[in-house]
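Close look at the chain arrangement
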Amino acid sequence: MPNSRLKAARLAAGYHSQQALADALQVGVRQVRRWESDQPPMPHPDVAQALTRVLGQDLASLGFTPDGAAPARRTVLAAVGLAAVPTQAVAVQPATAADDYEAVTRSHRRLYWSVAPATLHPAAIAHATLGCALLPEAAGQTRQRIAAALAETYLLAGRIEFFDMREPDRAQQTLLRALQAAGEADDPLLGAGVLAHMAFIPAWDGDRDAAVERMVAARTYARRGPASAELLAWLDAVEAECETRCGNTRTALHLIGHAEDVLADGTEHDSPPWLDWFSPVRLAAFKGNTQLKAGHLPQARATLLGVLDALDPAEEKQTTVVLGDLAAVEAAAGDPDAACGYALRALDQLERTWYAMGMDRVREVRRALAPHQHEQCVRELDDRLYGWSTTVSALAR
């Protein structure tokens, strides 16, 4: 009988032809034909290691028996009522499982920009649970693709937990799961993306050493893959945000300048599809916030107004952040009327699309306006900030 075990494992792993498996292993297709024959020869040790890694099963499960001894042994075991226990469960998921799982992951990625976080988060967590169940049942390319989509799903959930739900401890655990899944997929760029997000968590608490350590790890992972200019510039922007949070605005501005140079130079590598939260306009938004924190108010105003004009109307969450930063610029410049005007525009946007980071910006502006709290513009801001709908909405999320 032909070696049906190897053929079944090959198909389950997404290699629909013998040639596809041969290409993956860098062997001739005749070798794969011999392995799938009725008397499959044992692969060379180096090739055997690659074969078991690619298909996710040991040699015995793939139908290989050294010197024909194993079949006889199985006959004896069966005769005495015993059974050989496989070291790994036989894969049961077809290659289409990866296609279907990735499709939902892509949909969740797009929905993040329009669906309320409290609505999307449970769906993302449920999708991650499904991915965890599929992973042990898949092998080879199928397993690798599911693991990558699972890592992206956990990354999305962690982003929601940190940026939208303001639950850093929960986000830390979710992002750790994302990193583990990226490791299963052996996707260093996705690992870099997860690690950079993990750097935000200690930076928000002013723990620069922990943030820097995670950024070093993120850059190390990025060097292992064909990183695009956008990904490398985003890593600079993340580190700049961390440095800004820790009070090192000069270092942050240097990092942003480097990111601008990286984008200008470009690269032949494409950005991964999950890097949909960054662009030159987003980098300018980072820059405007850093200039604000550094006290460079005219420069911050000019940068942020340019960002506001350049933002796509669909980028509603980012719009609230930019409006909040513009309000902070005017509050620092001693113009409460202009500050309140931008803050009210941010609240208008937040009523349409909630974003905790945007609301944080508005609240920071209100605290900065404390010396002007008896002025009419500030009272009008308070009426909106603490109106029934805004208050209930903020507390419910």
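Notes on the structure follow. Just so we're clear, the structure is a prediction, and the values are computed from it rather than from any experiment.

What the rule picks out here adds up to 9 aromatic pairs. A ring pair is formed by Trp35 and Phe64, whose centres lie 6.2 Å apart and whose planes are at 85 degrees; its orientation type is edge-to-face. Residue Trp35 is located in helix α3 (residues 29-35), and its partner Phe64 is located in the loop between α4 (45-55) and α5 (69-79); the two are separated by 29 residues in the primary sequence. The class of Trp35 is buried, set by a relative accessible area of 1%. Ring geometry for Tyr112 against Trp113: centres 4.9 Å apart, planes inclined by 75 degrees, an arrangement best described as edge-to-face. We classify Trp113 as partly exposed; its relative accessible area is 21%. One aromatic cluster in this structure is built from Phe162, Phe163, Phe200 and Trp204.

To continue, consider the environment of Pro94. As for its placement among the helices and strands, Pro94 is situated in the loop between α5 and α6 (96-111). The spacing of Pro94 and Arg143 is 49 residues in sequence and 9.8 Å in space, taken between C-alpha atoms.

Here we take up helix α15 (residues 297-310). Taking 1.5 Å per residue as the helical rise, α15 with its 14 residues ought to reach 20 Å, and the 20 Å between its terminal C-alpha atoms agrees with that figure. All of the buried residues in α15 are Leu297, Ala300, Thr303, Leu304, Val307 and Leu308. Mapping the buried residues of α15 onto a view down its axis gives an arc of 140 degrees, with all of them on the same face. In α15, the exposed positions that point more than 90 degrees away from the buried face belong to Pro298, Ala302 and Asp309.

Across all of its chains, the model carries 20 salt bridges by this definition. For Arg145, the salt bridge is made with Glu102, and the minimal N-O distance between the two is 2.8 Å. Pair noted here: Arg145 is in helix α8 (residues 140-164) and Glu102 is in helix α6, with a separation of 43 residues, a long-range link. What makes Arg145 partly exposed here is its relative accessible area of 28%. Notably, a salt bridge pairs Lys287 with Glu260, separated by 3.2 Å at the nearest N-O pair.

Cut-off values and rules
Residues numbered from 1 in each chain as written. Predicted model: local features only at pLDDT ≥ 70, side-chain atom pairs only at ≥ 80, totals over all residues. Heavy atoms only, no water. Phe/Tyr/Trp six-rings, centres within 6.5 Å; stacked < 30°, edge-to-face > 60°. Helix = DSSP H or I, 4+ residues; strand = E, 2+ residues; numbered from the N terminus. Buried < 20%, exposed > 50% of the residue type's maximum accessible area, 1.4 Å probe, protein only. Expected span 1.5 Å × (residues − 1). Arc of directions from axis to C-beta. Salt bridge = Lys/Arg side-chain N within 4 Å of Asp/Glu carboxyl O.

Just distances and angles here, no functional claims.
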